[in-house]
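Take a look at the letters that make up each chain.
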Amino acid sequence: MVSGKGGTGKTTTAVLLACAAADAGDASVVVDIDPQADASALGWATEADAAGEPLPEQVTVVGVVARDLARRLPALTDGAARVWLDTPPGDRGAIEAAIAAADLALVPCQPTVMDVRRAARIVGHAVEVGVPAMVVLTRTTARTHAAANAAEALSGAGIAVADTLIPQREVIAQCYATRPRPSAIAVVADLYAELKEL
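Residues numbered from 1 in each chain as written. Predicted model: local features only at pLDDT ≥ 70, side-chain atom pairs only at ≥ 80, totals over all residues. Heavy atoms only, no water.

The buried fraction of strand β4 (residues 105-109) amounts to 5 of the 5 residues, a majority that puts the element mostly inside the structure. Burial of β4 is two-sided: the residues Ala105, Val107 and Cys109 facing one way and the residues Leu106 and Pro108 facing the other way are all buried. With 5 bridges joining them, β4 and strand β5 (residues 133-137) adopt parallel strand pairing. Paired with Leu106 across the bridge in β5 is Met134. Regarding the hand of the β-α-β motif, the stretch spanning β4, helix α5 (residues 113-128) and β5 is right-handed. (Buried < 20%, exposed > 50% of the residue type's maximum accessible area, 1.4 Å probe, protein only. Helix = DSSP H or I, 4+ residues; strand = E, 2+ residues; numbered from the N terminus. Pairing = 2+ DSSP bridges. Right-handed = clockwise from strand over helix to strand, strands pointing away.)

Encoded structure:
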């Protein structure tokens, strides 16, 4: 999960994808490359544990600093069917380290002109270093043209866009620091299935 800004849904998408993988019987590791920040995946898991609502057993969340990612990643993710790297916003070193370690750069993006432009720059960087990239539109709203316009602009620029849209939903917005409800996980289940086919 890479993005040049905060608030695009990187952490939420990473954790929900890990939970969707668990529902499908696949063990996942979420690697938080910004473990000291507020609202990080590691903070989510820690707070959920403290509240008595731990993430599913097949989801492990670990923190690592970007400079140690390449060295520590194999040991941290041994035995996992899926690995989700959650990057901090705008930290070029962390973003570059995550892209270099990834099989796919998944770029969460809200359907706004500014976010689409930023996502295109991140995708461009991934492509430059030989890593395929895909944008997933997040916080989309039904009955508006924003998501379709964003997808069209990205596709027109030759950028892959996930078929699955992540809608703006209260159940998603309120799931931080809890074990996500099945209705929140269901929202990304199609995205998980789509990614498995790549």
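Mapped onto the fold, Asp103 is located in the loop between α4 (92-101) and β4. For Asp103, a relative accessible area of 72% translates into the label exposed. Sequence-wise, Asp103 and Val83 are 20 residues apart; in three dimensions their C-alpha atoms are separated by 9.8 Å. Excluding residues that lie within four positions of it along the chain, Asp103 makes contacts with Val131 and Pro132. (Contact = heavy atoms within 4.5 Å.)

Interaxial distance between helix α1 (residues 10-23) and helix α8 (residues 182-196) falls to 8 Å at its minimum, and their mutual angle equals 80°. Between α1 and α8, the interaxial angle falls into the category roughly perpendicular. Across the interface between the two elements, Thr13, Leu16, Leu17, Cys19, Ala20, Ala21 and Asp23 of α1 pack against Ala184, Ile185, Val188, Ala189, Leu191, Tyr192 and Leu195 of α8. Residues that form the contact of α1 with α8 fall into these classes: 12 nonpolar, 1 polar and 1 charged. (Axes fitted to C-alpha atoms, helices over the stretch in contact; angles between N-to-C directions. Parallel < 35°, antiparallel > 145°, perpendicular 65-115°, else oblique. Nonpolar A, V, L, I, M, F, W, Y, C, P; charged D, E, K, R; others polar.)

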